[in-house]
Amino acid sequence: MVDLIPSRSTPTFAHIPVLSRELIAGLEVRPAGHYLDATVGAGGHTQMLLAAGPDLRVTALDRDGEAIAHVRSLLASEGDRLQICHINFAEYRPQHLFFDGIVADLGVSSAQLDIAERGFSFRHPAEIDMRMDRRQTLTAAEIVNHWEEVKLADIFYQYGEERLSRRIARSIVQRRPFQTTDELATAIAWAVPRKYRYGRIHPATRVFQALRIAVNQELESLSEFLKISPNWLKPGGKIAIISFHSLEDRLVKHSFRESPLLRVLTKKPITAQGDELAANPRSRSAKLRIAEQTPVIVKIEVGPN
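Only a predicted model underlies this, so the values are computations on that prediction, with no experimental measurement involved. (Residues numbered from 1 in each chain as written. Predicted model: local features only at pLDDT ≥ 70, side-chain atom pairs only at ≥ 80, totals over all residues. Heavy atoms only, no water.)

Peer 1: Describe in detail the packing of helix H7 (residues 165-175) against helix H8 (residues 181-191), supporting the description with residues and values.
Peer 2: Across the interface, H7 lies against H8 with an axial gap of 9 Å and an inter-helix angle of 130°. Classified by the angle between their axes, H7 and H8 sit oblique to one another. Crossing of H7 against H8: the hand is right-handed. Residues Arg-167, Ile-168, Ser-171, Ile-172 and Arg-175 of H7 touch H8, and the partners they reach there are Leu-184, Ala-187, Ile-188, Trp-190 and Ala-191. Of the residues assigned to the contact of H7 with H8, the class counts are seven nonpolar, one polar and two charged. (Axes fitted to C-alpha atoms, helices over the stretch in contact; angles between N-to-C directions. Helix = DSSP H or I, 4+ residues; strand = E, 2+ residues; numbered from the N terminus. Parallel < 35°, antiparallel > 145°, perpendicular 65-115°, else oblique. Left-handed = near helix turned anticlockwise from the far one by under 90°. Contact = heavy atoms within 4.5 Å. Nonpolar A, V, L, I, M, F, W, Y, C, P; charged D, E, K, R; others polar.)

Peer 1: Describe the packing of aromatic side chains, with residues and values.
Peer 2: What the rule picks out here adds up to four aromatic pairs. Aromatic side chains Phe-122 and Phe-208 sit 5.0 Å apart centroid to centroid with 80° between the ring planes, which places their arrangement in the edge-to-face category. Taken as a pair, Phe-122 in the loop between helix H4 (110-114) and helix H5 (140-146) and Phe-208 in helix H10 (residues 205-216) lie far apart in primary sequence, 86 residues in all. What makes Phe-122 partly exposed here is its relative accessible area of 21%. Taking the relative accessible area as the measure of exposure, Phe-208 reaches 4% and is therefore buried. The structure contains a cluster of three or more aromatic residues connected by ring pairs, namely Phe-89, Tyr-92, Phe-225 and Trp-232. The ring of Trp-147 is capped by Lys-151, whose NZ or CZ atom sits 4.1 Å from the centre of that ring. (Phe/Tyr/Trp six-rings, centres within 6.5 Å; stacked < 30°, edge-to-face > 60°. Buried < 20%, exposed > 50% of the residue type's maximum accessible area, 1.4 Å probe, protein only. Lys NZ or Arg CZ within 6 Å of the ring centre and 35° of its normal.)

Peer 1: Go over the side chain of Ser-229, please, and point to the residues and values.
Peer 2: Inspection of the secondary structure puts Ser-229 in the loop between helix H11 (218-228) and strand S7 (233-243). Engagement of the side chain of Ser-229 in a polar contact is seen with the backbone oxygen of Phe-225, the distance being 2.7 Å. If sequence neighbours within four positions are ignored, Ser-229 has contacts with Ile-102 and Ile-239. (Polar contact = N/O pair within 3.5 Å; in protein donor to acceptor, adjacent residues only side chain to side chain.)

Structure below.
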């Protein structure tokens, strides 16, 4: 997702678009084209697209209402060049539109992680929320405090690739209910062996990722988007997707390869270069894949006269 950094004094956002040079170059942006930013976030990639030409237009989507409000304010001067929709990209259906390019920057944003009240991170105490779209009712607290142990273990393993999923799920069920993110993170830490507790990453990291993915149905949404979005491209139009963990990247890779409408342009994912890694450490896990819409050729067999 576009890297968002919340101000310490105001709720506004600063933005650092991830892999921006590689994405713009890979799209081969047409100055008078129409582009879809399916995850607008703080608006960083949309701004870069709009800067490519005075006649270029962007349709921007996001499921996060706070991101939408920020971008409406930030880019209000763009007028008709920018259309903004508060919607999950899996539910979007363009009306008689075809795009020159599509961009999707997946996963959780830094603003969602850094603003404690969103409940995505265990660095600060907050309610266990994790909803990208606050209009939905399901929260991470509902999952943690009410789902069955077996179901918890399954999502920790499938979505977090957590090898101690059963042990952690058992401990959570025994200790619940939980009110805050730090309470939950502490319980997870004490559920694992000591050497695991003090490893390279906090033992709650994978569980929190799994809960976030489950709350927001991220992989289901991505799968649906990958299935339908190639149909929205003009011939020769490109789709560029940035992912941040192996589950997303695997879906993108296989969907691009298997789509009859797409030709893969990146045999291996594009990753951040040294200067970007130094300036923005969160870009280290970003992977960019690009594909191009190719016209479907229908062969018609003509029989003898």
